[in-house]
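Summary of structural features
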Amino acid sequence: MRVRKKWTAGVLAVVLAVVCAGCALPDAGFGDYDVSGYIEALLDSSYHNAHDRFIAVTGTSEEISQQNHTSTVENAAVNFCNAYGLSPNEEQLARLKDIMSRAFDQAKYTVKEEQKIETGYYIEVEVTPIGSFAGLTETFSGLRTQAMDEASAANAAQSSQGVLGEGQDGFVPGEENQDGEDWDNEDWDGEEAEPTPTPAPTPASTPGVKVDPYQLYMEKVLEYCQGQLSSIRYQEQNVTIALDIRQTPTGELQIDLNQVDALDKTMLMFGETAAG
């Protein structure tokens, strides 16, 4: 599933520009500006879905604040699918986003104090990566094999079922003839030979819906990921992500979104690459 990531007006590059624009900052290098406080508020909004502090320090609306979390979760779902070659349907993708949201809710990070540098600010974010969804290629391969076997067995069993049901010949014991008489009635008073009853019409073949092995596989993947939420596994070593925040002559702060992407991918890890 190759889907473009979504960035909204709430992402860091835009938020910091909005926050700083028009602020009466000190002339001496803007040294007392609480950049780390803004970063922490943004991360709380993006990962923990907690927006009160972000709204307080930025003056943005609840709707824009919620977009921080929405975009982060959507990007995580896309990264997860790309890492494992998955193609969920719309309903499954919605469930996956909910799983990602609940995983981010357990994210651990510490925003260090900003350092004023010539070009702006340097901030380190220490992350304890969530590894519950990393290294699952072999696990998912096993789930896919299970799904194929189960789907094949279910479809084979369905194909082997008879169409006519009891008797398999169109005749149901005890059924009445066109005159209302029971064909099993031994007192039928024909003189020479009993007439051959008219066979019941053969019902049209209505095979059941085939089990889609890939959809079954996706269900197993989602079920497995759902189970991971009950006992989140963190990587043993913390990882430090450096944020290089540039400051324009007018006081606006800007950041490369690749740094935000690196932060997201470290916070919640996918694929086979270990944090380091």
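Rules used in this analysis
Residues numbered from 1 in each chain as written. Predicted model: local features only at pLDDT ≥ 70, side-chain atom pairs only at ≥ 80, totals over all residues. Heavy atoms only, no water. Helix = DSSP H or I, 4+ residues; strand = E, 2+ residues; numbered from the N terminus. Contact = heavy atoms within 4.5 Å. Areas by Shrake-Rupley, 256 points an atom, 1.4 Å probe, with all protein chains shown as cover. Axes fitted to C-alpha atoms, helices over the stretch in contact; angles between N-to-C directions. Parallel < 35°, antiparallel > 145°, perpendicular 65-115°, else oblique. Left-handed = near helix turned anticlockwise from the far one by under 90°. Nonpolar A, V, L, I, M, F, W, Y, C, P; charged D, E, K, R; others polar. Buried < 20%, exposed > 50% of the residue type's maximum accessible area, 1.4 Å probe, protein only. Pairing = 2+ DSSP bridges. pLDDT = per-residue confidence, 0-100. Core = buried A, V, L, I, M, F, W, Y, C linked by side-chain atoms within 4.5 Å. Phe/Tyr/Trp six-rings, centres within 6.5 Å; stacked < 30°, edge-to-face > 60°. Lys NZ or Arg CZ within 6 Å of the ring centre and 35° of its normal.

Structural notes on the overall build of the chain
Within the chain one finds 8 helices and 5 strands. Moving toward the C terminus, one meets the helices and strands of the chain in the order α-α-α-α-α-β-β-β-α-α-β-β-α. A separation of at least 24 residues holds for 73% of the contacts in the chain among residues at least 6 apart in sequence. Summing over all exposed atoms, the chain offers an accessible surface of approximately 15,500 Å²; the carbon and sulfur share of this is 48%.

Section: the environment of leucine 229
The residue leucine 229 is located in the loop between α7 (213-228) and β4 (239-247) in this model. Separated by 127 residues in sequence, leucine 229 and arginine 102 have C-alpha atoms that sit 7.3 Å apart. Look past the residues within four positions of leucine 229 in its chain and what remains in contact with it is Ile99, Arg102, Ala103, Gln106 and Phe133.

As for the packing of helix α5 (residues 90-104) against α7
Where α5 meets α7, the closest approach of the two axes is 10 Å, and the angle between their N-to-C directions is 15°. If you check the angle between α5 and α7, you find them roughly parallel. α7 is crossed by α5, and the crossing has left-handed handedness. In this structure, α5 contributes Glu91, Gln92, Arg95, Leu96, Ile99 and Arg102 to the contact, and α7 contributes Gln215, Met218, Glu219, Leu222, Cys225 and Gln226. In terms of residue class, the contact of α5 with α7 is made up of 5 nonpolar, 3 polar and 4 charged.

Overview of the pairing of strand β1 (residues 108-111)
With burial as the criterion, only one face of β1 is covered, namely that bearing Tyr109 and Val111; the residues Lys108 and Thr110 on the opposite face remain uncovered. Sheet analysis places β1 next to strand β3 (residues 120-128), joined by 4 bridges and oriented antiparallel. Paired with valine 111 across the two strands is valine 125, which belongs to β3.

Topic: the confidence of the model for the chain
Across the chain, the average pLDDT comes to 79, with 69% of residues at 70 or higher. Mean pLDDT in the chain bottoms out at helix α1 (residues 12-20), which sits at 41, and peaks at α5, which reaches 98. Across residues 162-192, where pLDDT falls below 50, the model places 32 contacts with residues more than four positions away in sequence or in other chains. With pLDDT under 50 throughout, residues 199-206 is counted as low confidence; its partners more than four residues away or in other chains account for 7 contacts.

Some details on unusual backbone geometry
Its identity as a non-glycine residue notwithstanding, asparagine 49 has a phi of 60°, on the positive side. As for its placement among the helices and strands, asparagine 49 is situated in the loop between α2 (35-47) and α3 (52-58).

Structural notes on the nonpolar core
The nonpolar side chains of soluble globular proteins are, as a tendency, buried together. With 48 residues, the main nonpolar core has Phe80, Met100, Phe133, Phe140 and Ile245 as its most contacted residues. Setting aside anything within four residues of it in sequence, one finds phenylalanine 133 in contact with Phe80, Tyr84, Ile99, Ala103, Cys225, Gln228, Leu229, Leu268, Met269, Phe270 and Gly271.

Some thoughts on the packing of aromatic side chains
For the structure shown, the criterion picks out 9 aromatic pairs. When the ring of phenylalanine 80 is compared with that of phenylalanine 140, the centres are 6.1 Å apart and the planes differ by 70°; the resulting orientation is edge-to-face. Linking phenylalanine 80 in helix α4 (residues 62-84) with phenylalanine 140 in helix α6 (residues 137-160), this pair joins segments that are 60 residues apart in sequence. Here the two residues phenylalanine 80 and phenylalanine 140 agree in accessibility, since each one is buried. Members of the aromatic cluster, each reached through a chain of ring pairs, are Phe80, Tyr84, Phe133, Phe140, Tyr224 and Phe270. For lysine 116, the ring lying beneath its charged end belongs to tyrosine 121, and the centroid distance is 5.2 Å.

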